[in-house]
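Read off the chains here:
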Amino acid sequence: MNKVYKNANEAIFDLTDNITIMLGGFGLCGIPENLITALVQRGNKGLTCISNNAGVDDFGIGLLLKTRQVKKMISSYVGENSEFERQLLSNELEVELIPQGTLAERCRATGAGIPAFYTPSGVGTEIAENKEVRTFNGKKYLLELAFDSDFAFIKAWKGDMMGNLIYKGTARNFNPMMAAAGKITIVEVEHLVESGQLNPNEIHTPSIYVDRIFQGKNYEKRIEKLTIQ
């Protein structure tokens, strides 16, 4: 089975409106830049995006918010995006904010085939509204559901033509668990090598989870907050 595609535009050939997409990344690190750009150009609407961050105004998911392609955001941190804030406060965007650990575990549970789990995070807060609460050993826990994502957009540092992946630094944060969770996982890599060239002991995501892969280009590698002393 050939998993290699020429570019992002070819890799998302079957995307439709009103789908759910997981997007890897942490802050401005490990964002699938090429795939987001291709999605902006494609113009699909009504998207539900699952991502730790909502990007910034002119980068990452912020580009999809700017073109009004996102219907709902499921995120943990959204503090760097003024367009996100404007759409939220004007009721133009549906938003589900959840604790970062809960977001990570919902992604992991999805990939592991676990439909739901209990967590103490969010008990007694707005997060607990309309959710089942059970007590274990005298402590209350919320029932949280795994996700149901149609696609996962992933960024890795290096990958081979079978789809084995290696991440670098903080880009390893959400990308591996989301790669395992998407019904169709599409990966962009900085370096695409022949099969067999990666050290098996260094692979973070095995090829079984990857459906499509291509070598990206023109990565910006931004710094979120530049501090000069």
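Residues numbered from 1 in each chain as written. Predicted model: local features only at pLDDT ≥ 70, side-chain atom pairs only at ≥ 80, totals over all residues. Heavy atoms only, no water.

Undergrad: So what exactly am I meant to see when it comes to empty space enclosed by the protein here?
TA: Empty space among the atoms becomes visible once a probe the size of a water molecule is rolled across them. For the structure shown, the criterion picks out 2 cavities of 30 Å³ or more. Lining of the largest cavity is provided by 14 residues; of these, Gly24, Ile31, Ser51, Asn53 and Ile61 occupy positions nearest its centre. For the lining of the largest cavity, the residue count by class is 7 nonpolar, 7 polar and no charged. (1 Å grid on protein atoms, 1.4 Å probe; cavity = no way out; pocket = protein on both sides within 12 Å on 5 of 7 lines; lining within 4 Å. Points joined across faces, edges and corners; volume = space filled by probe spheres on them. Nonpolar A, V, L, I, M, F, W, Y, C, P; charged D, E, K, R; others polar.)

Undergrad: What exactly am I supposed to notice about the nonpolar core here?
TA: Ranked by internal contacts, the top residues of the largest apolar core, which has 30 residues, are Leu15, Ile21, Leu65, Met73, Phe153 and Ile186. Of all elements in the fold, only helix 1 (8-11), strand 1 (20-23), helix 2 (33-42), strand 2 (47-50), helix 3 (61-66), strand 3 (70-75) and strand 8 (151-160) reach the threshold of two or more residues within this core. Of the residues forming this core, the biggest block, 4 residues, is contributed by helix 2. Apart from the residues within four sequence positions on either side, Leu15 is in contact with Ile21, Leu39, Arg42, Asn44, Phe151 and Phe153. (Core = buried A, V, L, I, M, F, W, Y, C linked by side-chain atoms within 4.5 Å. Buried < 20%, exposed > 50% of the residue type's maximum accessible area, 1.4 Å probe, protein only. Helix = DSSP H or I, 4+ residues; strand = E, 2+ residues; numbered from the N terminus. Contact = heavy atoms within 4.5 Å.)

Undergrad: Which parts of the structure should I look at to understand the packing of aromatic side chains?
TA: Each aromatic ring pair is summarised here by two numbers: the centre-to-centre distance and the angle between the ring planes. With the rule as written, the count across this model stands at 4 aromatic pairs. Consider the rings of Phe26 and Phe174, whose centres lie 6.5 Å apart with planes at 15°: the pair is stacked. You can see Phe26 sitting in the loop between strand 1 and helix 2 and its partner Phe174 sitting in the loop between strand 9 (165-166) and helix 6 (175-181), a full 148 residues away along the chain. The class of Phe26 is partly exposed, set by a relative accessible area of 28%. Seen from their ring centres, Phe136 and Tyr141 are 5.6 Å apart, and the 75° between their planes marks the pair as edge-to-face. Counting every residue linked through ring pairs, the aromatic cluster contains Tyr118, Phe136 and Tyr141. One residue, Lys155, lies across the ring of Tyr219, its end atom 4.2 Å from the ring centre. (Phe/Tyr/Trp six-rings, centres within 6.5 Å; stacked < 30°, edge-to-face > 60°. Lys NZ or Arg CZ within 6 Å of the ring centre and 35° of its normal.)

Undergrad: Sorry if this is basic, but what is going on with the sheet that holds strand 6 (residues 133-136) here?
TA: In a beta sheet, neighbouring strands pair by backbone hydrogen bonds and run either parallel or antiparallel. The 3 strands are arranged 5-7-6 in an open sheet whose pairing can be described as antiparallel. Looking at the sheet topology across the chains shown, the edges are occupied by strand 5 (116-119) and strand 6. The mean angle between the axes of side-by-side strands here comes to 40°, regardless of whether they run parallel or antiparallel. The pairing of strand 5 with strand 7 (residues 139-145) spans 4 bridges and is classified as antiparallel. When the bridges of strand 7 are listed, Tyr118 appears paired with Leu143. (Pairing = 2+ DSSP bridges. Axes fitted to C-alpha atoms, helices over the stretch in contact; angles between N-to-C directions.)

Undergrad: Can you help me understand the side chain of Asp160 in this one?
TA: Structurally, the position occupied by Asp160 is in strand 8. Comment: no salt bridge for buried Asp160; closest opposite-charge side chain is Lys3, at 7.6 Å. Polar side-chain contacts of Asp160 include one of 3.0 Å to the backbone nitrogen of Met162. Of note is the side chain of Asp160, whose polar atom sits 3.0 Å from the side chain of Asn164. The residues contacting Asp160, other than those within four sequence positions of it, are Leu192, Val193, Glu194, Ser195, Gly196, Leu198 and Ile213. (Lys, Arg positive; Asp, Glu negative; His and termini not counted. Salt bridge = Lys/Arg side-chain N within 4 Å of Asp/Glu carboxyl O. Polar contact = N/O pair within 3.5 Å; in protein donor to acceptor, adjacent residues only side chain to side chain.)

Undergrad: Would you explain the environment of Arg212 in this entry?
TA: Residue placement: Arg212 occurs in strand 11 (residues 212-215). In this structure Arg212 comes out as buried when scored by relative accessible area, which is 7%. Spatially, the C-alpha atoms of Arg212 and Glu188 are 8.6 Å apart, while their sequence positions differ by 24 residues. A distance of 2.8 Å separates polar atoms of two side chains, one belonging to Arg212 and the other to Asp14.

Undergrad: How should the pattern of salt bridges be read in this particular structure?
TA: Pairs may arise between side chains of opposite charge once their charged atoms sit close together. Applying the stated criterion across every chain, the model contains 12 salt bridges. Where Arg86 meets Glu92, a salt bridge forms, and the shortest distance between an N and an O atom there is 3.1 Å. Judged by its relative accessible area of 33%, Glu92 falls in the partly exposed class. Note that Arg106 is salt-bridged to Glu96, the shortest N-O span being 3.1 Å. Remark: Glu96 occurs in strand 4 (residues 94-97) and Arg106 occurs in helix 5 (residues 100-112); sequence separation between them is 10 residues.

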